[in-house]
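Structure at a glance
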Amino acid sequence: MENSNSNDAHHISAVIFDLDGTLLNTEQVTKNVLKEFLAKYGKLQDNEKEKKRFGLTFKESAITVVNDYDLPLTPEQFTLEIVPMYQGTWLQAKALPGADRLMRHLNKQGVPFALASNSLSKNIDGKISHRDGWKEGFKVILGSDQVKSGKPSPDLFLEAAKRMGVDPLHCLVIEDSLVGVKAGKAAGMKVVVVPSLQIEPDSYSNADSVLHSLLQFQPEQWGLPQFVDWINNTLPIEPIHLEGVLSNGLLHTCSDSGVSVLPDQIWGLYIGWIKFDGLELLKAVISIGWSRAARDSTRKIQPCIINESDIDKYDNSKMKLLLVGYLRRSCSAGNILNSLDILDEDKVTADAALDLPAFSCKLCKSFFVD
């Protein structure tokens, strides 16, 4: 959902980012930590209870977990036991699609940007200190322990704007959670949300714009300098490796842990390379979205082999897939859940792009070694 009144919006002079689920996939890599912790106390994790904790400060989250699962611990004891478990996973966290690109762009264009997270400041440092240029890039870094109240209170965003010397009306917040959206709006700021819970986009109707991925973000809609890194309507991306089995035209893939290898924020039309055992590399357009039935949603990864009309002959075959680019048409698709139909124009664009060095299969040649 794009804000139809964005052209009339206050000019944006600064951007304020959330961290977990917005810039880093920390929530994905820490997904099993609480499950393992609760198992030690004979408790089973309840996914509905976990949704209610989404976006809370760490202190609030600790109190909620202890109460919800009737743990024989104080919130302080719970924190002391579980934080080292979380810390062991933070180094595995990766930047979410489009995060590094957007921050590099803002830095190059001289647009100040801040980090305002419900995490504690010492935990923020543990998550970003090993990421090249992140600490130096943010003009301000704030944790919930540095203000009176964390989100959904506006305190974090207002303090970030104050420290940057920018009027809150000229700040754009980029968030992933409902509490973050509420905080941004309470601060009087424009809010773009890239939901971590992609299957519930209607919950974020209060935001000015709802996107699937930061790759969809178009700075010019907010009065910011536009990106100049598109190559013939295709964006080079950090290569994404997938492998699994092709069945009924869809790729079914999962990590050894049973957790999806893709963050929820991977959505849209991609270009890449496909390899079946014993066959040459094939060019492809890949549509990634969600299939929703009742309250259950599943990832839908649909590859389309360029210059190949009969994909059914590969049914039930093992497949390796390398995503190397993102098609610009995805940016104007809004926040629909379903995957986009692959058009003939997408195939033409992909075919030409995959002949260019920026999208070469040689980027990850070792991935395709049998």
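Residues numbered from 1 in each chain as written. Predicted model: local features only at pLDDT ≥ 70, side-chain atom pairs only at ≥ 80, totals over all residues. Heavy atoms only, no water.

A complete count under the given rule lists one cavity of 30 Å³ or more for this structure. A volume near 40 Å³ is recorded for the largest cavity. Forming the boundary of the largest cavity are G21, T22, L96, P97, V194, S213, L214 and Q265. Here the residues of the lining of the largest cavity sort into four nonpolar, four polar and no charged. (1 Å grid on protein atoms, 1.4 Å probe; cavity = no way out; pocket = protein on both sides within 12 Å on 5 of 7 lines; lining within 4 Å. Points joined across faces, edges and corners; volume = space filled by probe spheres on them. Nonpolar A, V, L, I, M, F, W, Y, C, P; charged D, E, K, R; others polar.)

Within a pair of aromatic rings, the relevant descriptors are the distance that separates the centres and the angle that separates the planes. What the rule picks out here adds up to eight aromatic pairs. For the ring pair F58 and Y86, a centre distance of 6.5 Å and an interplane angle of 80 degrees mean the geometry is edge-to-face. Here F58 is found in helix α4 (residues 58–68), whereas its partner Y86 is found in helix α5 (residues 75–90), with 28 residues between them in sequence. According to the relative accessible area criterion, F58 is buried, its value standing at 19%. By way of ring pairs, the aromatic residues F17, F113, W134 and F138 are connected into one cluster. (Phe/Tyr/Trp six-rings, centres within 6.5 Å; stacked < 30°, edge-to-face > 60°. Helix = DSSP H or I, 4+ residues; strand = E, 2+ residues; numbered from the N terminus. Buried < 20%, exposed > 50% of the residue type's maximum accessible area, 1.4 Å probe, protein only.)

Before going further, it helps to examine the pairing of strand β2 (residues 113–116). Where burial is concerned, the two faces of β2 agree: the one with F113 and L115 and the one with A114 and A116 are both buried. Sheet analysis places strand β1 (residues 14–17) next to β2, joined by three bridges and oriented parallel. Looking at the pairing, V15 lines up with F113 of β2. In terms of strand pairing, β2 meets strand β3 (residues 140–142) through three bridges, oriented parallel. (Pairing = 2+ DSSP bridges.)

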